[in-house]
Structures are given as structure tokens and as C-alpha cells.
2 protein chains.
Amino acid sequence: MSDAIITKPLSYVAGGADCHGYLALPAGPGPHPGVLVAPAFGGLSDSDRAVADRLAGLGYAALGVDYYSGGAYTQDREEASALMQGMQNDRPLLAARMQGALAALAGQEQVDAARLGAMGFCFGGKAVLDLARSGADFRAGVTFHGVYDAPASGSQTMKPAMLILHGWDDPLATPEQTVALAAELTAHCADWQLLGFGHTGHGFTNVNAKGPGMGYSEAATTRGWANMLQLFADKLA
Amino acid sequence: MSDAIITKPLSYVAGGADCHGYLALPAGPGPHPGVLVAPAFGGLSDSDRAVADRLAGLGYAALGVDYYSGGAYTQDREEASALMQGMQNDRPLLAARMQGALAALAGQEQVDAARLGAMGFCFGGKAVLDLARSGADFRAGVTFHGVYDAPASGSQTMKPAMLILHGWDDPLATPEQTVALAAELTAHCADWQLLGFGHTGHGFTNVNAKGPGMGYSEAATTRGWANMLQLFADKLA
């Protein structure tokens, strides 16, 4: 499906730092709806680029986000945890990095700045939530096995429709934390959905996910992806 | 979409009583996959027959269920509550009525008895859950604003994939009760999903739903229906 797409590195400034993202564009001049792809805690990976390519093949201009800045990427779990902890300790910076990425995407001449969405995996799901919590102007936000703790600054009114794709056995997002997220969304987001998958843990989109409470699920990935595309079709068309 | 369907009353015996259901068949000899349509607490209504017709138009042989027996139907809320309470006090009978309906559907010559599903609204959602809890042999079960309390007899291993379509503000199914259902499903059902809709109460498929914690939602109805059809396509095709 991605034969005709155009891909390129895209550097932009966000949160005061140089960020090195990845832009995948559908064929044709556009304007295309745009979607941010926020990676898991290791930083922007080939699998995120593949997601961006797939979205471009479906008609969305997709920007793989470098929320750490500097193009930081690692496959080492401890190194990734350290990177993530740095952002976890500065949630306004995480929001600013996402806002900068959204602005960079909106600024592309092939992109319709009025039709923007965002999706993310794991800590990238939190990044999408924090972008929405910051009051940013986009239409649809989707998290895959995201993490739900709210920032100390709380939440603005969330503008996008939100879809939370959730493994019910995820140890990083317990039922109690999921119910708390639902309450937060009820307070701040006019249109939200939570799709929970039984017998599904953290990282369910990741074919390499292993360990307690982790694991790839083809069914959850397929069902989540279909619901995401439906939301994008409804809100970004 | 229903131009070519065939509809007729179908009487069958279930739980020791004569039941008066409604059968909607797709055009053609079949064998077609079959789906039970379990009504809300007022009993089998025109809106349930319309759902059966719609499913038949999509290729499913659909049986509107008379779980009260005798064709009981009322639009009076107090009368409906009394009917429901009678079944609530005899959950094994509710399961038996659903089992009998499933057998009646399976016995139709146009129906493939190996490809059966069930869906239901409100107390009919509970009826679908109780059918699954009874260990009945079907492939996919879907509840729209169902009610989740488990019967005293507990649950057998549930054979179908289950999809719970849930209004998060439903006062008849609180977050705590929803989390408890998820735990029950995790213990007894190998494949389950919960799709929760924010700002959505009980009766969200019912255009006439009114009152505290109640109300029609076009978005929830559309999203729920689409997910149901996807599950049926996956499991009953």
C-alpha cells in the first residue's frame, strides 16, 4: 500500500531543542490530513517509521516524533528507561515537544492544518495524552498501551476525540488507573472511548514484547488499528 | 438493505414454556450464520425486529428472542420491571430460555449451527452473558448497555468471544461493576473486549431513552454496531 509514498527526515525545533523526526507523505499534492506518530520509550524506531509509512499509504501525512530531541534512540531497556524518566520528570517539556511536532506537521505545505491527529505507543501514548491535556488543537488522539498518570499541572479542555486502546492486564495501567483516566477524560474531553482487550498486557503492538505483563497480541493490534482508522476517517476526513 | 429478507414469527419451546420469537432470514438457501437478538426488559419489540431485519440484510439469520415466554411485551416501565424481576430471581431460567432460543435458531434448515452468535440490549445483554456463562456453544456474544451482575451459580468456561459495549456513565453498570465484569471475563472467557463510551449512559441505542443516566447516543450506537459487525465477520464468517 505504500508504493507511492514519499518519505524523508524532518528536523524541527520543539521545546527549545532540535528534533529529528521522520515524515511520510501520501502521493499527490494534498492537502492531506496529518497524524503524529509518537514512539515508545526507546525513541523513534524503524517500527514507528513503518507505522508512518502505513498511514501515508492510507492518505495521512504522518510525522514520526522525536520527543527526546537530538534523534535519541536506543534498544537498551535501561537506557530507554533513563531517557523516559528524564521526560517524566518534566511533563511540560514533553507537552512542548509534542506541540512543536504538531506545529511542524501543520506547517508542511502538503498538510491540512485543520485536520490533525496523533497516535502513540507506550510512553508515546502518554505524550499524546499530554498533548491533548495541554489544550493543543487537533481532532483525534489515539493511545496504544499508553500510560495514564496525569501531569501535576492537570488538564486543559481536550479538543480531540480520544481513543484509548488498552490491554486489561497491563501492569503499567491497572484497572484502577484506567478508571481514573476515564474520570479525567470525562472531566476534560467531550468525546472519548476506551477499548480494553482481555488477556492482553503492555506492548501488545510490539512483536518483540516479552516479560511479565507484556506481550504481542495480533488480535488486539488488529482491533485497535481498525478502531483508530475509523476514528481518523470520522474526524480527519 | 433488507429488501430480499424473509421474516416470520417463530414459536419454540425454551425453559419449559412456549416462546414466540421473530425470525429474519437472508435471501438464499444458506446455510447462513445465525444470531440471537435479545431484547431489553420490555420484551421483544419492533426495534428488536428491526435489528433482526438489519442483520438478515447483512447475511445473518437473526432470531428475536422471547426470553419471558408467551410473547410478553410491554411499554410500561413498571410492568417491564416486574417481568424483569421475575427473571432476575431465576437466572437459571433466563439461561434456559436463551439456550432454547439458540437451539431453535440452530435447528432452522437455513442456519449453520456451527456459526452462531448472540447480541442483546440492556437486560438482553445480561441474557447473552448468562447464555455464555451457562457454557452454551456459540462463537460471539455482544452486549449493548448490558447489566453485569453474575448469577449465584457463577460461570462455566465461556465459549464465545465477548464484546461488551458500555456507556461509562451507565448507573446500572458502574465503573466498579464494569471492572468486576472484566475480572469475571478474564477468569472464564478466552477472548473478550470492552468498549466504553464516555459521556454515555444506559440505553444508548434506544432513540427514546430518557432520564437520569439514560440517553440515546448516535456515536456510541454507530461505533458499537461497527465493532459488533467486525466481531461477527471474524467469528461467524
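Just so it is clear, the model here is predicted, and its values are computed rather than measured.

S.K.: Would you take a moment to explain the interface of chain A and chain B for this structure?
M.R.: The accessible area lost on association of the parts is a frequent measure of interface size. Taken together, the contact between chain A and chain B spans 22 residues of the former and 21 residues of the latter. Across the interface of chain A and chain B, roughly 1,900 Å² is buried in total on both sides, 53% from carbon and sulfur atoms. In terms of surface lost to chain B, no three residues of chain A exceed Trp 168, His 199 and Arg 223 of chain A, which account for 32% of the buried area on that side. Inspection of the region where chain A meets chain B yields 2 salt bridges. Note that Arg 223 of chain A is salt-bridged to Asp 191 of chain B, the shortest N-O span being 2.9 Å. The set of elements that each furnish at least two residues to the side of chain A that touches chain B consists of α5 (175-188), β8 (192-197) and α6 (218-236) of chain A. In terms of residue class, the side of chain A that touches chain B is made up of 12 nonpolar, 6 polar and 4 charged. Both β8 of chain A and strand β8 (residues 192-197) of chain B contribute to a ladder of 5 bridges, which runs antiparallel. Opposite Phe 197 of chain A, over in β8 of chain B, you have Gln 193 of chain B as the bridge partner.

S.K.: I tried to follow helix α1 (residues 46-57) of chain A on my own but got confused; where do I start?
M.R.: Residues and elements named next belong to chain A. Counted at 1.5 Å a residue, the expected span for α1 with its 12 residues is 16 Å, and the 16 Å between its end C-alpha atoms agrees. Among the residues of α1, those classed as buried are Asp 48, Val 51, Ala 52, Leu 55 and Ala 56. The buried residues of α1 all sit within an arc of 140° when viewed along its axis, so they share a single face. Buried positions along α1 lie against β2 (17-25), β3 (32-38), β4 (61-64), β5 (111-121) and α6.

S.K.: How should I be thinking about the nonpolar core in this particular structure?
M.R.: Across soluble globular proteins, nonpolar side chains have a tendency to be buried as a group. Grouped together as the largest cluster of nonpolar side chains are 92 residues, with contacts concentrated most on Leu 36 and Met 162 of chain A together with Leu 36 and Met 162 of chain B. Not counting residues up to four positions away in its chain, the partners in contact with Leu 36 of chain A are Leu 63, Val 65, Met 98, Ala 101, Leu 102, Leu 105, Gly 117, Ala 118, Met 119 and Leu 131 of chain A. In terms of nonpolar packing, the next biggest core, distinct from the first, is built from 58 residues, Val 35, Ala 62 and Met 119 of chain A together with Leu 163 of chain B among them.

S.K.: Hey, could you run me through the relation of the copies chain A and chain B in this one?
M.R.: Rotating chain A by 180° about the axis while translating it 0.0 Å along that axis superimposes it on chain B, leaving an RMSD of 0.0 Å. Accordingly, the operation relating the two chain copies is best matched by a two-fold axis. Residue Leu 195 of chain A of chain A places its C-alpha closer to the rotation axis than any other residue of that unit, at 2.2 Å. The fraction of interface residues of chain A whose copies in chain B are also interface residues reaches 95%, indicating that both copies meet through the same surface.

S.K.: Before we go on, may I ask you to explain the environment of Gln 85 of chain A in this structure?
M.R.: Looking at the element boundaries, Gln 85 of chain A is found in helix α2 (residues 77-88). Sequence separation between Gln 85 of chain A and Ala 237 of chain A is 152 residues; the distance between their C-alpha atoms is 36 Å.

S.K.: Please explain the packing of aromatic side chains as it appears in this structure.
M.R.: The geometry of an aromatic ring pair is captured by two quantities: the separation of the ring centres and the angle between the planes. All names here are of chain A. Under the definition given, this model contains 14 aromatic pairs over all chains. Centre to centre, the rings of Tyr 60 and Phe 232 are 5.7 Å apart; their planes meet at 55°, and the pair counts as tilted. Of the two residues, Tyr 60 is situated in the loop between α1 and β4 and Phe 232 in helix α6; the sequence distance between them amounts to 172 residues. Assessed through its relative accessible area of 10%, Tyr 60 is described here as buried. For Phe 232, a relative accessible area of 0% puts it in the buried group.

S.K.: Help me understand the side chain of His 202 of chain A in this model?
M.R.: Take His 202 of chain A: it is sitting in the loop between β8 and α6. Contact partners of His 202 of chain A, with chain neighbours within four places excluded, come to Cys 122, His 145, Val 147, Asp 170, Pro 171, Leu 172, Ala 209, Gly 213, Met 214 and Gly 215 of chain A.

S.K.: How do you make sense of the UniProt feature "domain: Dienelactone hydrolase" (unreviewed entry) in chain A when you look at a structure like this?
M.R.: Look at the UniProt record and you will see "domain: Dienelactone hydrolase" (unreviewed entry) annotated at residues 20-234 of chain A. The distance from the first to the last C-alpha atom of residues 20-234 of chain A is 30 Å, and the span holds 38% helix and 21% strand.

S.K.: Looking at this model, I keep getting lost on the pattern of salt bridges. Mind explaining?
M.R.: Note on pairing: side chains with opposite charge can pair once their charged atoms come close. Counting across every chain of the model gives 18 salt bridges over all chains. When the shortest N-O distance is used, the salt bridge between Asp 130 of chain A and Arg 133 of chain A registers 2.8 Å. Note that Asp 130 of chain A and Arg 133 of chain A are positioned in helix α4 (residues 123-133) at a spacing of 3 residues, about one turn of the helix. Grouping residues by exposure puts Asp 130 of chain A and Arg 133 of chain A together as buried. The closest approach of N and O atoms between Arg 49 of chain B and Asp 46 of chain B, which form a salt bridge, is 3.0 Å. Within this pair, Arg 49 of chain B and its partner Asp 46 of chain B are both found in helix α1 (residues 46-57), separated by 3 residues, close to a single helical turn. Residue classification places Arg 49 of chain B among the partly exposed positions, given a relative accessible area of 26%. In the salt-bridge network here, residues are joined through shared partners; they are Arg 91, Lys 126, Asp 130, Arg 133, Asp 149 and Glu 184 of chain A.

S.K.: Sorry if this is basic, but what is going on with unusual backbone geometry here?
M.R.: The phi angle of most residues is negative, glycine excepted, and most peptide bonds adopt the trans form. Geometrically, the link from Gly 30 of chain A to Pro 31 of chain A is a cis peptide bond, its omega value of 5° lying close to zero. With respect to the helices, strands and loops of the structure, Pro 31 of chain A is situated in the loop between β2 and β3. One non-glycine residue, Ser 69 of chain B, lies in positive phi territory at about 75°. Judged by relative accessible area, Ser 69 of chain B falls into the buried class, the value being 16%.

S.K.: What should I look at first to understand the packing of helix α3 (residues 91-106) of chain B against helix α4 (residues 123-133) of chain B in this one?
M.R.: Each pair of packed helices can be described by the angle between their axes along with the distance between the axes. Residue and element names in this part refer to chain B. The contact between α3 and α4 brings their axes to 9 Å, and the two run at 80°. It follows from the interaxial angle that α3 and α4 lie roughly perpendicular. Taking contact as the criterion, the partners of Arg 91, Leu 94, Ala 95, Met 98, Gln 99 and Leu 102 in α3 are, on α4, Phe 123, Lys 126, Ala 127, Val 128, Asp 130, Leu 131 and Arg 133.

Thresholds, definitions, all that
Residues numbered from 1 in each chain as written. Chains lettered and ligands numbered in written order. Predicted model: local features only at pLDDT ≥ 70, side-chain atom pairs only at ≥ 80, totals over all residues. Heavy atoms only, no water. Contact = heavy atoms within 4.5 Å. Buried area = accessible area lost by both parts, 1.4 Å probe. Salt bridge = Lys/Arg side-chain N within 4 Å of Asp/Glu carboxyl O. Helix = DSSP H or I, 4+ residues; strand = E, 2+ residues; numbered from the N terminus. Nonpolar A, V, L, I, M, F, W, Y, C, P; charged D, E, K, R; others polar. Pairing = 2+ DSSP bridges. Expected span 1.5 Å × (residues − 1). Buried < 20%, exposed > 50% of the residue type's maximum accessible area, 1.4 Å probe, protein only. Arc of directions from axis to C-beta. Core = buried A, V, L, I, M, F, W, Y, C linked by side-chain atoms within 4.5 Å. Least-squares fit on C-alpha atoms with pLDDT ≥ 70 in both. Phe/Tyr/Trp six-rings, centres within 6.5 Å; stacked < 30°, edge-to-face > 60°. UniProt positions renumbered as here; feature names shortened; annotations may be inferred. Axes fitted to C-alpha atoms, helices over the stretch in contact; angles between N-to-C directions. Parallel < 35°, antiparallel > 145°, perpendicular 65-115°, else oblique.

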